[in-house]
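Given next are the chains, with one letter for each unit.
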Amino acid sequence: MNEKDLYDSSVKYIAKHFTLQNYKMAFDGMDYWKVLLRTTLLSGGISVLQLIACLLTAYGFARFRFPGKNLLFGCVIFTMIVPPQVIMLPLFMKYRFFDIFGIFKAVTGSSVNLIDTYWPFILQAMTCMGIKNGLYIYLLRQFFKGMPREL
């Protein structure tokens, strides 16, 4: 709506003077196309990484026999049962004070803060530890188990 309609008390939901100027100002103010491109690249890249990791994990569960296979697959199923709200705070703390085996603390004297970076997304996608990855692994495992070994 136009600026006049903002101050008119008779206008509630339907504007008397239609304009698209507010959308243009919002697009310019937040640099919309640049943000849209970054978001698309991030979500697309993370989706591809997650797909590759889940495919490899599910294929391993479906085709190979190894000790502890049933226990590990039980852990995968358990990730579908646990609500995401339960692991939000531990994940935040893990990425706030990120340190692999104490290496960063030994070298620099402190841990690394990964909050407000892309690294938590990338690390969770590559290690198959995302919120819904248990479901994806389960579905892909069932698909691979149904395929003939000759293929």
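For the structure, check the block above.
Parameters at a glance
Residues numbered from 1 in each chain as written. Predicted model: local features only at pLDDT ≥ 70, side-chain atom pairs only at ≥ 80, totals over all residues. Heavy atoms only, no water. Helix = DSSP H or I, 4+ residues; strand = E, 2+ residues; numbered from the N terminus. Rg over C-alpha atoms; globule rule 2.2 N^0.38 Å. Buried < 20%, exposed > 50% of the residue type's maximum accessible area, 1.4 Å probe, protein only. Contact = heavy atoms within 4.5 Å. Areas by Shrake-Rupley, 256 points an atom, 1.4 Å probe, with all protein chains shown as cover. Lys, Arg positive; Asp, Glu negative; His and termini not counted. Charge placed at Lys NZ, Arg CZ, Asp CG, Glu CD. Patch = residues over 30% accessible without salt bridge, like charges linked within 9 Å, V, L, I, M, F, W, Y side chains within 5 Å. Salt bridge = Lys/Arg side-chain N within 4 Å of Asp/Glu carboxyl O.

Enquirer: Explain the overall build of the protein chain to me, please; I cannot follow it from the model alone.
Expert: When helices and strands are tallied, the protein chain shows eight helices and zero strands. Starting at the N terminus, the α and β elements of the protein chain follow one another as α-α-α-α-α-α-α-α. For 151 residues, the compact-globule estimate of 2.2 N^0.38 gives 15 Å, and the protein chain exceeds it by more than 25% at 24 Å. For the protein chain, the spread of C-alpha atoms along the principal axes amounts to about 75 × 50 × 30 Å. Counting across all 151 residues of the protein chain, residues that qualify as buried make up 19%. Long-range contacts, defined here as pairs at least 24 residues apart, represent 56% of the contacts in the protein chain between residues at least 6 apart. If you sum the accessible surface of the protein chain, you get close to 11,900 Å²; carbon and sulfur atoms cover 68% of it. Side-chain charges of the protein chain comprise 16 positive and 8 negative groups, with the mean position of each set lying 17 Å from the other.

Enquirer: In this structure, what is going on with a nonpolar patch on the surface? I would like to understand it.
Expert: On the surface, Phe 78, Met 80, Ile 81, Leu 135, Tyr 136, Tyr 138 and Leu 139 cluster together to form a nonpolar patch covering roughly 670 Å² of accessible area. Mapped by element, the contributors of at least two residues to the nonpolar patch are α4 (69-81) and α8 (133-146). When residues of the nonpolar patch are assigned to their parent elements, the largest contribution, four residues, is made by α8. On the secondary structure map, Leu 135 appears in helix α8.

Enquirer: What's the story with unusual backbone geometry in this structure? I'm lost.
Expert: Trans is the common state for peptide bonds, and a negative phi is the common state for residues other than glycine. The phi torsion at Asp 31 lies on the positive side, around 50 degrees, for a residue other than glycine. By the secondary structure assignment, Asp 31 is in the loop between α2 (21-29) and α3 (32-63). Phi is positive for Cys 128, which is not a glycine, with a value near 60 degrees. Position of Cys 128 relative to the elements: it lies in the loop between α7 (119-126) and α8.

Enquirer: In this structure, what is going on with the environment of Trp 33? I would like to understand it.
Expert: With respect to the helices and strands, Trp 33 occurs in helix α3. Put simply, Trp 33 and Leu 49 are 16 residues apart on the chain and 24 Å apart in space, counted from C-alpha to C-alpha.

Enquirer: Would you take a moment to explain the environment of Arg 38 for this structure?
Expert: With respect to the element layout, Arg 38 can be found in helix α3. Classification of Arg 38 as partly exposed rests on a relative accessible area of 49%. Note: C-alpha distance between Arg 38 and Leu 114 (76 residues apart in sequence) is 18 Å.

Enquirer: Is there a simple way to think about the pattern of salt bridges in this case?
Expert: Pairing between side chains of opposite charge can happen when their charged atoms approach one another. Counted by the stated rule, this structure contains one salt bridge. A salt bridge links Asp 28 to Lys 24; the shortest N-O distance between them is 3.4 Å. Of the two residues, Asp 28 and Lys 24 are both situated in helix α2; the distance of four residues between them amounts to about one turn of the helix.

These values are about where atoms sit, not about what they do.
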